[in-house]
Structure formats: structure tokens, C-alpha cells
Protein chains: 2
Amino acid sequence: MEVKKEWKVMKMTVGIHIIADLYGVDPALLARVENMKEIFEGAVKYAKLSKISSDYYQFRPQGASGIILIAESHLSFHTWPEHGLATLDIYTCGDPEQAEKAYEYIVEKMKPARVDVVKMERGVSIEDEKANIEVPAKRKESVEVN
Amino acid sequence: MEVKKEWKVMKMTVGIHIIADLYGVDPALLARVENMKEIFEGAVKYAKLSKISSDYYQFRPQGASGIILIAESHLSFHTWPEHGLATLDIYTCGDPEQAEKAYEYIVEKMKPARVDVVKMERGVSIEDEKANIEVPAKRKESVEVN
């Protein structure tokens, strides 16, 4: 049996949240909820996410919102065709590659001219919090006194 | 008629997104979706947000997810009772005070020991993008050449 020599140090978090504002998107695509729905439902399948439910909304005269609850968290979009803008959230717990795959699929389909994107880890402090809880009462007290 | 002397310079954005991870929340509260639903539906009313639809999900044996689509964007939560953790998103366009009010209501009800929170402005570059579009073709060309 081979002994594994390298261990990947994993920071304990509950999930990855990709927050992206897409600019310069075709207003005709952004105007109608059915266009956005097709892209988002496609992304869920492509990234093998587990859909629980979804809600979509068509604004009048134009613009759309949608939210997909998945077992791994959620995806959402809101569009402003008058600005060529869509704001997206893709938040998954479990495998971070699933969030990235869904994001790449959506950007590929929406073809923005520019993207402002941040990737946030959610629940990053669960280990610290656990450490706080597990510190014996005496020791915790002395830490607080210091 | 009095002339207004001070003008508030408003940065053009489409909305405010409050992203919060709440630690040290009572696991009994986090375990059941009906507890979380009551808090979030209460927040929507308290902040006078316009609910379009909502979806809630009870995980087995414990843990909950929920998402409320509002005319102003959305609210969502996901809970991990085993970590005393809830991750929240409150994203509203229009009056930023509404997002803050909803957030304060929720934190007041959930009584976390600690919160990691960031407030993001979404769609911050719509003015720049508009500027790009409105720059006359000639001038834009020369800017690109430089």
C-alpha cells in the first residue's frame, strides 16, 4: 500500500459564493425572463447541481429576476436591460468546482463585454467558533481575563 | 424660493447587497425551517419590501434553506445547526435603508454571538459603461490607441 505523502490543507468553510456583475450584455437577452431561465437551468444541469425549486419573474416592460434553490445553496439573477447589466449570485456548498462550472457556463452564454466578479468563502470562521466552544471553561476564563 | 446649497453626490449603482455569516446562533432555531421562515417573512414586512414569491426547504435531519424573491431583488438564508451558523444574503435595489432594516430585524431575532458582514454595492460600473458607450467613436478610438 502506498502512503500518501502530500496532504492538501483545506480551510474549513461551508461554501463558495461567486458574486458577479456582468456589463455590456445584449439588452434583448436581458429583457425576457425565458432567455435567462434557459441559461440558468442549463447551468444547474451542466454543473450537476441538485435543483430543489425555482422562481422566475418578468418585469414590465422589461427586465427579469430569478432564483434557483439547490441542495447546495442557490443561484440568482437580476437584470437591467437598460444598462446592459445582469447581477448574478452562484453559491454552492460542497465541491467548489461546481460553482465555477455553473459560472463559466452562464458567462459563456451571456457574453458580457466586462465582468466584475468576486469569489467569497462563506462560513470561514466555523473552525474558530468551534475552537471557542471547545476551549475548557477555566482556560477560556483566563484568556478573557488577559 | 430657497436655493438648495448642498447636493449629495450619489454614486450610481443598482443596489445594496448585505452578505452576512452569523455564528453562535441557537441550533434549535437553525434546525427548523419554520423558525427561519417566520423571521424572514417578518423582515420583509418590517422593511416594507415587495414580496413576489418564496421557497423554503427543510433538510433532514436538520438545517434549512430559504429564498424570497422581492421586486427589489432577493433575500436568502442557509443554516448549519451543527455549526451554529446561518449565511444570509439581503439584496435590494432602490432605498438602501430597506436592506439595512431587514438585516437589523433578522440579526435582532437570531441573536448571533458574532457576525461576519460585508455590504456590497451591485452594478457600480453602470456609469462607466454608459460613458464608454457615449464616447464618440473618434475619441474612443484615440483613447484605445494611447
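What you see is a predicted model; the values in this text were computed from it and never measured.

Draft legend 1. Expanded view of the interface of chain B and chain A. With 42 residues of chain B in contact, the opposing surface of chain A contributes 42 residues. Of the roughly 3200 Å² buried between chain B and chain A, counting both surfaces, carbon and sulfur atoms make up 64%. The interface formed by chain B and chain A includes four salt bridges. Put simply, arginine 122 of chain A and aspartate 89 of chain B hold a salt bridge, and the shortest N to O gap is 3.0 Å. Listing elements by their share of the side of chain B that touches chain A, those giving two or more residues are strand S1 (15-23), strand S2 (51-58), strand S3 (64-70), strand S4 (73-80), strand S5 (85-93), strand S6 (114-122) and helix H4 (126-134) of chain B. Counted by class, the side of chain B that touches chain A contains 21 nonpolar, 13 polar and eight charged residues.

Draft legend 2. Spotlight on the sheet that holds S2 of chain B. All names here are of chain B. The strand order across the open sheet formed by six strands is S2-S3-S4-S5-S1-S6, and the pairing between neighbours is antiparallel. Strand pairing shows two members of the sheet lacking a second neighbour, S2 and S6, which therefore form its edges. If you compare each strand with its neighbour and ignore which way they point, the axes differ by 10 degrees on average. In this sheet, S4 lies alongside S3 in antiparallel orientation, the contact comprising six bridges. What sits directly across from serine 65, in S4, is histidine 78.

Draft legend 3. Summary view of helix H2 (residues 33-46) of chain A. Residues and elements named next belong to chain A. Taking 1.5 Å of rise per residue, the 14 residues of H2 would be expected to cover 20 Å, and the 20 Å separating its terminal C-alpha atoms lies within 8% of that figure. Taken together, the buried positions of H2 are occupied by Val33, Met36, Ile39, Phe40, Glu41, Gly42, Ala43 and Val44. Buried residues along H2 sit against helix H1 (27-31), strand S2 (51-58), strand S3 (64-70), strand S4 (73-80), strand S5 (85-93) and helix H3 (96-110). Positive phi shows up at lysine 48, right after H2, with a value of about 55 degrees.

Draft legend 4. Structural view of the pattern of salt bridges. Counted according to the given criterion, the structure contains twelve salt bridges over all chains. Across the pair arginine 122 of chain A and aspartate 21 of chain B runs a salt bridge, and its minimum N-O distance is 2.8 Å. Note that arginine 122 of chain A is positioned in strand S6 (residues 114-122) and aspartate 21 of chain B in strand S1, a pairing that runs across two chains. Looking at arginine 122 of chain A, the relative accessible area reads 0%, which means it is buried. The structure contains a network of salt bridges with shared partners spanning Asp21 and Asp89 of chain A together with Arg122 of chain B.

Draft legend 5. Looking closely at the packing of H2 of chain A against H3 of chain A. Residues and elements named next belong to chain A. Close contact between H2 and H3 brings their axes to 8 Å; oriented N to C, the two are set at 145 degrees. Judged by the sense of rotation from one axis to the other, the crossing of H2 with H3 is right-handed. Here Met36, Ile39, Phe40, Gly42, Ala43 and Tyr46 of H2 lie close against H3, whose contacting residues are Lys101, Ala102, Tyr105, Ile106, Lys109 and Met110. Within the contact of H2 with H3, the residues separate by chemical class into nine nonpolar, one polar and two charged.

Draft legend 6. Structural view of the confidence of the model for chain A. All names here are of chain A. Taken residue by residue, chain A gives an average pLDDT of 86. The fraction at 70 or more is 80%. Every residue in residues 133-146 is under pLDDT 50, and counting partners more than four places away or in other chains gives two contacts. Across the whole predicted complex the pTM is 0.83, and at the interface the ipTM reaches 0.82.

The rules we used
- Residues numbered from 1 in each chain as written.
- Chains lettered and ligands numbered in written order.
- Predicted model: local features only at pLDDT ≥ 70, side-chain atom pairs only at ≥ 80, totals over all residues.
- Heavy atoms only, no water.
- Contact = heavy atoms within 4.5 Å.
- Buried area = accessible area lost by both parts, 1.4 Å probe.
- Salt bridge = Lys/Arg side-chain N within 4 Å of Asp/Glu carboxyl O.
- Helix = DSSP H or I, 4+ residues; strand = E, 2+ residues; numbered from the N terminus.
- Nonpolar A, V, L, I, M, F, W, Y, C, P; charged D, E, K, R; others polar.
- Pairing = 2+ DSSP bridges.
- Axes fitted to C-alpha atoms, helices over the stretch in contact; angles between N-to-C directions.
- Expected span 1.5 Å × (residues − 1).
- Buried < 20%, exposed > 50% of the residue type's maximum accessible area, 1.4 Å probe, protein only.
- Left-handed = near helix turned anticlockwise from the far one by under 90°.
- pLDDT = per-residue confidence, 0-100.

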